Amino acid sequence: HLVQERLNGVGWRFDGAEFHPVETGGIRDHVFFPAGAAHDAFVHIRSLFKDARRELFIIDGYIDASLFEFLLSTNGPKACRVLTKARSLPHDLVHEAQLFVQQHGFVLSIRTHDAFHDRQIILDGTRAFILGASIKDAGKRAFHIIPIENPATRDAMIRYAEDVWSQSTVLL
């Protein structure tokens, strides 16, 4: 009990097998990761991905194959949309994504557009988070993951992301 109390005090809980960020009121807290906290960042982002029931919508201008590690660590195949920048895309990422889909059964769509600067994760079209670092670089330098709690802001952000998605270039 003492260990769990101390974990709760720093925003984590242990379920017997894995560490999970503590949630309050159904909305994840704003989380800060200092430089060098790559594992903690991975665990936290993975827990966000696991929270999606139907779909992940990832907006990150600098994705790479590390995205597939995150997807494999979720609760099984679900739909995932990725919006990224064409100029930063590794040349073989689309081919690797096709192989990933074939082998693991995920529904994965990748498109490009330059409309976004900030990285975002949208879960099931209803919850949104801003990331201060690209997923592939999370924890290398200090950054934050911030839930968008204001309903009007969150809804506007999600609507805008959907509008940009509909106008983006399809890669997969």
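Look a little higher up for the structure.
Caption draft 1: Structural detail: the packing of aromatic side chains. Applying the stated rule across the entire model yields seven aromatic pairs. Relative to Phe106, the ring of Phe100 lies with its centre 5.1 Å away and its plane at 35 degrees, an arrangement referred to as tilted. Overall, Phe100 belongs to the buried group, its relative accessible area being 7%. Clustering of aromatic rings is evident, with ring pairs tying together Phe42, Phe49 and Phe70.

Caption draft 2: Region of the structure containing helix 4 (residues 93-104). With twelve residues, helix 4 extends 16 Å from end C-alpha to end C-alpha; this agrees with the ideal 16 Å at 1.5 Å per step. What helix 4 keeps buried is the set Leu93, Val94, Ala97 and Phe100. One side of helix 4 holds all its buried residues, which, seen down the axis, span an arc of 115 degrees. When the buried face of helix 4 is taken as reference, the exposed residues oriented beyond 90 degrees from it are Gln102 and Gln103. Elements in contact with the buried residues of helix 4: helix 3 (66-72) and strand 8 (107-112). Where helix 4 ends, the next residue or the one after it, Gly105, has phi of about 80 degrees, a positive value.

Caption draft 3: Representation of the side chain of Ser168. Residue position: Ser168 is located in the loop between helix 5 (151-167) and strand 12 (169-170). Classification of Ser168 by relative accessible area gives buried; the value is 9%. Within the structure, the side chain of Ser168 is placed 2.6 Å from the backbone oxygen of Trp165, a separation counted as a polar contact. When sequence neighbours within four positions are dropped, the list of residues in contact with Ser168 reads Leu83, Arg111, Thr112 and His113.

Caption draft 4: Local environment of the pairing of strand 8. Examined bridge by bridge, strand 7 (residues 79-84) and strand 8 share six bridges and lie parallel to one another. Each bridged residue has a counterpart across the sheet, and for Arg81 the counterpart in strand 8 is Ser109. Pairing analysis gives two bridges linking strand 8 to strand 12, with the strands arranged antiparallel. Paired with Thr112 across the two strands is Thr169, which belongs to strand 12.

Caption draft 5: Spotlight on the pattern of salt bridges. Applying the stated criterion across every chain yields a total of seven salt bridges. With its nearest N and O atoms 2.7 Å apart, the salt bridge here joins Arg81 to Glu55. A residue pair is termed long-range when its members are at least 10 positions apart, and Arg81 in strand 7 and Glu55 in strand 6 (residues 55-59) qualify at 26 residues. A residue is classified by how much of its surface remains accessible, and Arg81, at 11% relative accessible area, is buried. A salt bridge links Arg87 to Asp114; the nearest nitrogen and oxygen atoms lie 3.0 Å apart. Linking Arg87 in the loop between strand 7 and helix 4 with Asp114 in the loop between strand 8 and strand 9 (119-123), this pair joins segments that are 27 residues apart in sequence. Judged by relative accessible area, Arg87 falls into the exposed class, the value being 63%. A single salt-bridge network, built from bridges that share partners, covers Glu55, Arg81 and Glu162.

Reading guide: rules and limits
- Residues numbered from 1 in each chain as written.
- Predicted model: local features only at pLDDT ≥ 70, side-chain atom pairs only at ≥ 80, totals over all residues.
- Heavy atoms only, no water.
- Phe/Tyr/Trp six-rings, centres within 6.5 Å; stacked < 30°, edge-to-face > 60°.
- Buried < 20%, exposed > 50% of the residue type's maximum accessible area, 1.4 Å probe, protein only.
- Helix = DSSP H or I, 4+ residues; strand = E, 2+ residues; numbered from the N terminus.
- Expected span 1.5 Å × (residues − 1).
- Arc of directions from axis to C-beta.
- Contact = heavy atoms within 4.5 Å.
- Polar contact = N/O pair within 3.5 Å; in protein donor to acceptor, adjacent residues only side chain to side chain.
- Pairing = 2+ DSSP bridges.
- Salt bridge = Lys/Arg side-chain N within 4 Å of Asp/Glu carboxyl O.

In short, shape yes, function no, at least from these values alone.
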